[in-house]
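# Structural features, examined
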Amino acid sequence: MGLGDNAFFWLNSWSSTAGMLLIFILWLFLWLTRREVDEAERRTGIPAAGGALPLLGHLPQVFKLGVDDFEKKWLRKKKSKLLLSWFGNSPMITVTDPEVLKHVLVKEFSNFHDRPRRNYQMTQPPINKGLFFNHGDHWKRIRTIITPTFSTGKLKGMNPDINRYSENLADKMEKLAKSKEKVEIKRLYEGFTLDTISATAFGLDVDCINNPDGPFIKNMRSIFEKGIGVWRRIFFTLGNIFPTFIPVVRYFKMDYFDKDHLDFFIRHCQAMIEDRKTRVSQRKDFLQLMVDAELEDKSTTGPEVCNVPNKRLTNDEVVAQVFMLYLAGHETTANTLTFVSYELALNQEVQDRVIQEIQDQIGEKEPTYENTNKLKYMDQVIMETLRMFPPLTRLYREIQETVTIGNYTFPKGWTVVVPVFSIHRDPEYWPDPERFDPGRFENPKSTQNKFFYIPFGQGPRICLGMRLALLELKVSLVHVLKRVRLVPCEETQMSLKPVTHKGTLISVERPIQLGLQLRQNEH
Ligand code: HEM
């Protein structure tokens with residue numbers, strides 16, 4: 001054997017040894033992962049999805065199937081209503097059992113009161129002081145302070161603003177109907193919800209429907225519509241999957257929202273707060289109510305002492321709450337109006353009944369908080385739409401302390417996922433779930449406190465703006481349906497498969513287009 005042969009022999013045997021070592025390491029990792037999964041199943045009493053990979057967990061399956069189908073596949077396979085899975089190295093417990101959900105969202109609330117802390121950790125101040133991101137005593141204090149700003153009396157005070165912008169919306173739709181233009185319906189509703197939230201939050205008259213290029217509203221649109229860009233998306237995904245990556249996101253001051261546009265909003269909001277503090281204002285918008293709440297009790301210590309039930313909000317906290325109202329109240333309501341309109345266009349007999357009810361109950365009067373309460377069938381239509389298209393498709397909770405519910409153990413620090421969209425389309429609770437049928441809600445009690453219907457969440461962390469949203473939805477629909485009939489056009493998809501895997505908010509692949517017909521020609 002020559003020198004070259006020798007080298008070849010060593011190289012050959014080195015590479016086969018390295019290969020063996022690699023296989024062994026891979027096997028070891030797989031074995032350790034398998035052991036971790038077995039141990040987690042044993043500890044929690046909850047079956048785990050198969051095929052977990054080292055480091056990645058079930059991510060490859062989630063990317064391949066979409067998160068809802070991934071969960072459905074394994075829940076079915078394991079014949080279970082709870083499922084364990086790993087997103088990277090974050091353990092998740094998916095819960096679809098209404099009985100267990102009752103405990104998670106209400107009965108054992110003290111153990112599940114927060115959304116995962118990574119949401120808060122990956123959002124920069126002051127925006128992370130908003131109610132949605134807040135946790136523990138901070139959340140409790142802020143929720144207590146701002147809840148009265150959504151009282152029945154305050155909502156009634158906002159009714160005239162909602163009517164004004166609904167009227168604008170109906171005018172615009174009437175014009176479009178006259179010119180026989182088909183419309184991308186969500187664009188209109190987004191303008192309407194931005195107008196309404198600007199008026200109710202700030203007292204700002206932006207008239208986004210007719211004047212979409214005003215500086216403030218252009219800025220708000222940019223915050224919500226610009227998207228977060230590739231790099232930020234990568235950083236956030238990594239932070240979500242590997243919590244150890246969160247300090248990197250924080251170090252680079254990565255924010256979910258575009259910094260320049262956000263700074264514009266913060267400056268604007270702070271100037272308005274200063275103005276409201278120095279001038280007596282008659283306005284009863286959210287900004288004023290929050291500034292008043294801050295001034296109500298000057299005797300208490302600073303808000304940093306979170307377990308003191310004081311009623312003071314700092315300027316930063318007021319800014320964060322107002323921003324959050326935009327964030328939580330804009331897209332959710334616009335989406336719901338879009339899907340209601342889509343279903344009414346496709347189900348003309350339902351639309352006829354809603355129109356008849358408006359005529360019977362409201363007639364030529366202005367829609368108000370009181371008289372819209374009489375629109376029982378419209379309620380059913382809205383409820384059924386929220387069943388089929390819940391704007392928030394998933395809820396998340398972080399487990400505070402290890403707790404046992406029935407036969408299951410929920411370990412501290414793990415995340416509970418509530419797949420609202422899947423629960424709302426589960427045939428066990430909703431026969432023929434793909435069919436739009438407002439009749440399901442004929443008896444409103446049939447779904448009250450039932451944890452298989454949770455479009456606004458449930459328990460102490462339920463949507464704070466629920467009643468405002470319902471008022472906005474009903475008042476605007478009254479104005480619109482008095483003037484125009486919603487009809488399908490050539491571009492309207494006859495069946496809609498919502499997208500639920502691109503984040504928590506529901507969306508559709510292609511924008512929904514509808515036709516509009518003047519109602520005055522109907523008689
Ligand atoms: C149809 C419209 C809406 C739907 C379906 C909706 C749904 C939801 C859901 C599912 C949650 C999470 C609940 C949970 O985690 O248990 C939530 C939270 C919240 N929503 Fe809404 N929402 C809507 C409109 C609004 C509006 C108009 C506002 C205010 C202007 C608002 C303000 C909030 C706030 C502040 C939270 C956070 C509550 C907390 O963490 O304590 N929402 N909403």
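Residues numbered from 1 in each chain as written. Predicted model: local features only at pLDDT ≥ 70, side-chain atom pairs only at ≥ 80, totals over all residues. Heavy atoms only, no water.

### Here's the deal with the UniProt feature "binding site: heme" (unreviewed entry) in the chain
UniProt records the feature "binding site: heme" (unreviewed entry) for C463 in the present numbering. As for its position among the elements, C463 is in the loop between α19 (420-424) and α20 (466-483). Look at C463 and you get partly exposed, because its relative accessible area is 33%. (UniProt positions renumbered as here; feature names shortened; annotations may be inferred. Helix = DSSP H or I, 4+ residues; strand = E, 2+ residues; numbered from the N terminus. Buried < 20%, exposed > 50% of the residue type's maximum accessible area, 1.4 Å probe, protein only.)

### Considerations on the site of the ligand
W139, R143, R397, R461 and C463 are the nearest of the 27 residues found near the ligand. One of the side-chain nitrogen or oxygen atoms of R143 is found 2.8 Å away from an oxygen atom of the ligand. Within the side chain of R397, a nitrogen or oxygen atom sits 2.7 Å from an oxygen atom of the ligand. For the shell around the ligand, the secondary structure elements donating two or more residues are α6 (136-146), α14 (315-329), α15 (331-346), β4 (395-398) and α20. (Near = heavy atom within 4 Å. Polar contact = N/O pair within 3.5 Å; in protein donor to acceptor, adjacent residues only side chain to side chain.)

### Description of helix α8 (residues 185-202)
End to end, α8 covers 26 Å across 18 residues, agreeing with the expected 26 Å (1.5 Å per residue, within 8%). Counted residue by residue, α8 has 16 buried out of 18 residues, so it is predominantly covered. (Expected span 1.5 Å × (residues − 1).)

### Details of the layout of surface pockets
Looking at the second largest pocket, its volume works out to about 820 Å³. Contributing elements (two or more residues each) for the lining of the second largest pocket: α17 (369-372), α18 (376-388) and α20. For the lining of the second largest pocket, the element with the most residues is α18, which contributes six residues. Of the residues in the lining of the second largest pocket, the class split is 14 nonpolar, eight polar and five charged. (1 Å grid on protein atoms, 1.4 Å probe; cavity = no way out; pocket = protein on both sides within 12 Å on 5 of 7 lines; lining within 4 Å. Points joined across faces, edges and corners; volume = space filled by probe spheres on them. Nonpolar A, V, L, I, M, F, W, Y, C, P; charged D, E, K, R; others polar.)

### Points about the pairing of strand β8 (residues 484-488)
β8 sits mainly inside the fold: four of its five residues count as buried. Pairing of β8 with strand β9 (residues 513-518) involves five bridges; the strand directions are antiparallel. Across the sheet, residue L486 finds its bridge partner in β9, namely L516. (Pairing = 2+ DSSP bridges.)

### Topic: the UniProt feature "transmembrane region" (unreviewed entry) in the chain
Mapped onto this numbering, the UniProt entry gives "transmembrane region" (unreviewed entry) at residues 12-33 and 230-252. Along residues 12-33 the backbone is 100% helical and 0% strand, and the end-to-end C-alpha distance reaches 31 Å.

### Overview of the sheet that holds strand β3 (residues 183-184)
Hydrogen bonding along the main chain pairs the strands of a sheet, whether they run parallel or antiparallel. Strand order in the open sheet formed by three strands is β3-β9-β8, and the pairing between neighbours is antiparallel. Edge strands, defined here as strands with exactly one partner in the open sheet, are β3 and β8. Where β3 and β9 come together, two bridges link them in antiparallel fashion. Bridge pairing links E184 to Q513 in β9. Packing against the sheet, helix α7 (residues 152-178) makes contact with β3, β8 and β9, and its axis sits at approximately 90° to β9. (Contact = heavy atoms within 4.5 Å. Axes fitted to C-alpha atoms, helices over the stretch in contact; angles between N-to-C directions.)

### Details of the pattern of salt bridges
In total, this model carries 30 salt bridges according to the counting rule given. Across the pair R141 and E317 runs a salt bridge, and its minimum N-O distance is 3.1 Å. One end of the pair, R141, is in helix α6; the other, E317, is in helix α14, and 176 residues separate them in sequence. You can call R141 buried: its relative accessible area is 5%. (Salt bridge = Lys/Arg side-chain N within 4 Å of Asp/Glu carboxyl O.)

### As for helix α10 (residues 230-241)
Taking 1.5 Å of rise per residue, the twelve residues of α10 would be expected to cover 16 Å, and the 16 Å separating its terminal C-alpha atoms lies within 8% of that figure. Along α10, the residues that are buried comprise R232, F235, F236, G239 and I241. Looking at the buried residues of α10, the elements they touch are α2 (59-65), β1 (82-87), β2 (90-95), α5 (117-121) and α11 (246-251).

### Here's the deal with the packing of aromatic side chains
What the rule picks out here adds up to 15 aromatic pairs. Centre to centre, the rings of F265 and F323 are 5.3 Å apart; their planes meet at 65°, and the pair counts as edge-to-face. One end of the pair, F265, is in helix α12 (residues 259-278); the other, F323, is in helix α14, with 58 residues separating them in the sequence. Summarising the burial analysis for this pair, F265 and F323 share the class buried. Seen in terms of ring centroids, F339 and F389 are 4.1 Å apart; in terms of plane orientation they differ by 5°. Their pairing is stacked. Of this pair, F339 sits in helix α15 while F389 is found in the loop between α18 and β4, placing the two residues 50 residues apart along the sequence. For the pair F339 and F389, a shared accessibility class is recorded, and that class is buried. One aromatic cluster is present, built from ring pairs that chain together Y429, W430, F441, F452 and Y453. The ring of F132 has R115 sitting right over it, with the charged end atom 3.9 Å from the ring centre. Against the face of Y377 rests R353, its NZ or CZ located 3.8 Å from the ring centre. (Phe/Tyr/Trp six-rings, centres within 6.5 Å; stacked < 30°, edge-to-face > 60°. Lys NZ or Arg CZ within 6 Å of the ring centre and 35° of its normal.)

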